[in-house]
Amino acid sequence: GWDGGDCTELNAKYPDCKVDAPYLIGDGECYGREYNTEECGWDGGDCTELNAKYPDCKVDAPYLIGDGECYGREYNTEEC
């Protein structure tokens, strides 16, 4: 079970984290929405710094913030 044991460690750390690509948790990039939640450990700690700096910024790809490119819409806001 649990994907042949591949998900055992993740399930032990984040039992209530339900995402489509759990291998992204803790990979060094902050992913948004369902990954950046308490249940998923703020993306395995990847979003801790961003959340401290921009606590009200809720975007799909927070790793794009401050990457040298100006993105529109939800990224180009006071919150982000």
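Tallied over the entire structure, the rule returns three aromatic pairs. Measuring from ring centre to ring centre gives 6.1 Å for Tyr-31 and Tyr-35, while their planes differ by 55°; the resulting arrangement is tilted. With respect to burial, Tyr-31 and Tyr-35 carry one shared label: buried.

Trans is the prevailing form of peptide bonds, just as negative phi is the prevailing case for residues other than glycine. Of note, the phi angle at Arg-33 is positive, near 50°, even though the residue is not glycine. Positionally, Arg-33 belongs in the loop between α1 (8-13) and α2 (41-44). One non-glycine residue, Asp-43, adopts positive backbone phi at about 60°. Mapped onto the fold, Asp-43 is located in helix α2.

Reading guide: rules and limits
Residues numbered from 1 in each chain as written. Predicted model: local features only at pLDDT ≥ 70, side-chain atom pairs only at ≥ 80, totals over all residues. Heavy atoms only, no water. Phe/Tyr/Trp six-rings, centres within 6.5 Å; stacked < 30°, edge-to-face > 60°. Buried < 20%, exposed > 50% of the residue type's maximum accessible area, 1.4 Å probe, protein only. Helix = DSSP H or I, 4+ residues; strand = E, 2+ residues; numbered from the N terminus.

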